[in-house]
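Chain by chain, the residues:
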Amino acid sequence: MREKVLIIDDDEKITSMLKRSLAFEGYTVFTAHHGMDGLKQILENDPDTVILDVMMPQLDGWEVVRRIREGGASVPVLMLTAKDEIGDRVKGLDMGADDYLVKPFALEELLARVRVLLRRRSAEKSEQPTNRLQYQDVFMDMDTREVFRGSQLIELTTKEFDLLHLFLQNPKRVLSRDVIMEKIWGYDYSGESNVLEVYIALLRQKTEEYGHKRMIQTVRGAGYVMRGES
C-alpha cells in the first residue's frame, strides 16, 4: 500500500512542486491550501505524514499542529517556515511538530526527512497493540475499555461499548439491523423490539457531545454505518 502524504501550504507553487516530487517518489499525495481544509483532510484521508507550512492566513501552522495533537492524532508533522529563529522552531516542536525545515530548502533534504518520518511512523504502527481500534478521531482500547473522541473520554455502558466496537470493526460498512441484533444481543433476544434504536440514539448522544459531528449514520432500508458526514 502506498504511503500517504498531506501537504498543507497556501503557496500554490510550492504545493505543486512538492506534489509532483512526492508522487514521483511513489507516495499518494493530498494537498490543502489552508489550515481548516488540512484538518478536514487529516480526518478523511488518514495520512502517514503531514508537511505543514507555518505562515498561512486565518489559521497558521502552529494552530493547525496544536489542533492535530489536541484531537489525538499522532501523525508525524514536518513544519516548513521562512523564519529561521530558534524561538519559532522551539514553538513548533512544543506544539507537537516532529521536524522543522526552513525555506528555502533543498528538495533532497525534504524527501530525506519525509522518509525518516515515514519509517518512524511504520515502526510505531508495528509496535501498536492489536487490541486498539480507531476510526477517524474515535479511539477504543480493549484492555482498559476506554473510548475517546479526540481527547474527550466517553463513558459507555457494556452494551454501548459492544455496539461501538462492532462499528469500529466495520467502518464504512453498512450493517443490517439483523446482523447487529445477532452480534450484540444474540438470536434468543426477546426484549423490547426497539432496543437497537434506543442504543443507537444513546451512542450518538455520547459520541456527538461537545459539538462533534455524527459518525453513526442511518441508511434507510439497509441499516447503520459508521462514517463521517459527507
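Calculation criteria
- Residues numbered from 1 in each chain as written.
- Predicted model: local features only at pLDDT ≥ 70, side-chain atom pairs only at ≥ 80, totals over all residues.
- Heavy atoms only, no water.
- Salt bridge = Lys/Arg side-chain N within 4 Å of Asp/Glu carboxyl O.
- Helix = DSSP H or I, 4+ residues; strand = E, 2+ residues; numbered from the N terminus.
- Buried < 20%, exposed > 50% of the residue type's maximum accessible area, 1.4 Å probe, protein only.
- Axes fitted to C-alpha atoms, helices over the stretch in contact; angles between N-to-C directions.
- Parallel < 35°, antiparallel > 145°, perpendicular 65-115°, else oblique.
- Left-handed = near helix turned anticlockwise from the far one by under 90°.
- Contact = heavy atoms within 4.5 Å.
- Nonpolar A, V, L, I, M, F, W, Y, C, P; charged D, E, K, R; others polar.
- Pairing = 2+ DSSP bridges.

Draft legend 1. Quick peek at the pattern of salt bridges. For the structure on display, the rule yields 15 salt bridges. In this structure, Lys103 and Asp53 form a salt bridge, with 3.0 Å as the shortest nitrogen-oxygen distance. You can see Lys103 sitting in the loop between β5 (99-102) and α5 (107-127) and its partner Asp53 sitting in strand β3 (residues 49-53), a full 50 residues away along the chain. Assessed through its relative accessible area of 19%, Lys103 is described here as buried. Ionic pairing is found between Glu160 and Lys206, a salt bridge with its closest N-O pair at 2.7 Å. With Glu160 in helix α6 (residues 158-169) and Lys206 in helix α8 (residues 195-207), this residue pair connects regions lying 46 residues apart in the sequence. A residue is classified by how much of its surface remains accessible, and Glu160, at 3% relative accessible area, is buried.

Draft legend 2. Expanded view of the packing of α6 against helix α7 (residues 177-184). At a minimum axis separation of 10 Å, α6 and α7 run at an interaxial angle of 130 degrees. Classified by the interaxial angle, the pair formed by α6 and α7 is oblique. Here α6 and α7 pass one another in a crossing that is right-handed. Side by side, α6 and α7 meet where Lys159, Asp162, Leu163, Leu166 and Phe167 of the first sit next to Ile180, Lys183 and Ile184 of the second. Across the contact of α6 with α7, the residue classes break down as 5 nonpolar, no polar and 3 charged.

Draft legend 3. The arrangement of the pairing of strand β11 (residues 223-226) in detail. Relative to β11, strand β10 (residues 216-219) is paired through 4 bridges, and the arrangement is antiparallel. Paired with Gln217 across the bridge in β11 is Val225.

Draft legend 4. Up close: the packing of α6 against α8. Orientation of α6 relative to α8, taken along the N-to-C sense of each, is 85 degrees, at an axis distance of 10 Å. Here α6 is positioned roughly perpendicular relative to α8, judged by the angle of their axes. Contacts from Lys159, Glu160, Leu163, Leu164 and Phe167 of α6 reach α8 at Leu196, Tyr199, Ile200, Leu202, Leu203 and Lys206. Here the contact of α6 with α8 is composed, by residue class, of 8 nonpolar, no polar and 3 charged.

Draft legend 5. Highlighting the sheet that holds strand β2 (residues 28-32). Read across the open sheet, the 5 strands follow the order β2-β1-β3-β4-β5; overall the sheet is parallel. In the strand order of this sheet, the two ends are held by β2 and β5, each with one partner. The average undirected angle you get between the axes of adjacent strands in this sheet is 20 degrees. Where β3 lies against strand β4 (residues 77-81), 4 bridges are found, and the strand directions are parallel.

Draft legend 6. Region of interest: the sheet that holds strand β6 (residues 132-135). Read from one edge of the open sheet, 4 strands run β6-β7-β8-β9, paired in antiparallel fashion. Looking at strand neighbours, the two that pair on one side only are β6 and β9 (152-154), the edges of this open sheet. The average angle at which neighbouring strand axes cross in this sheet is 20 degrees, direction not considered. With 4 bridges joining them, strand β7 (residues 138-141) and strand β8 (residues 146-149) adopt antiparallel strand pairing. Looking across to β8, one finds that Val138 is bridged to Arg149.

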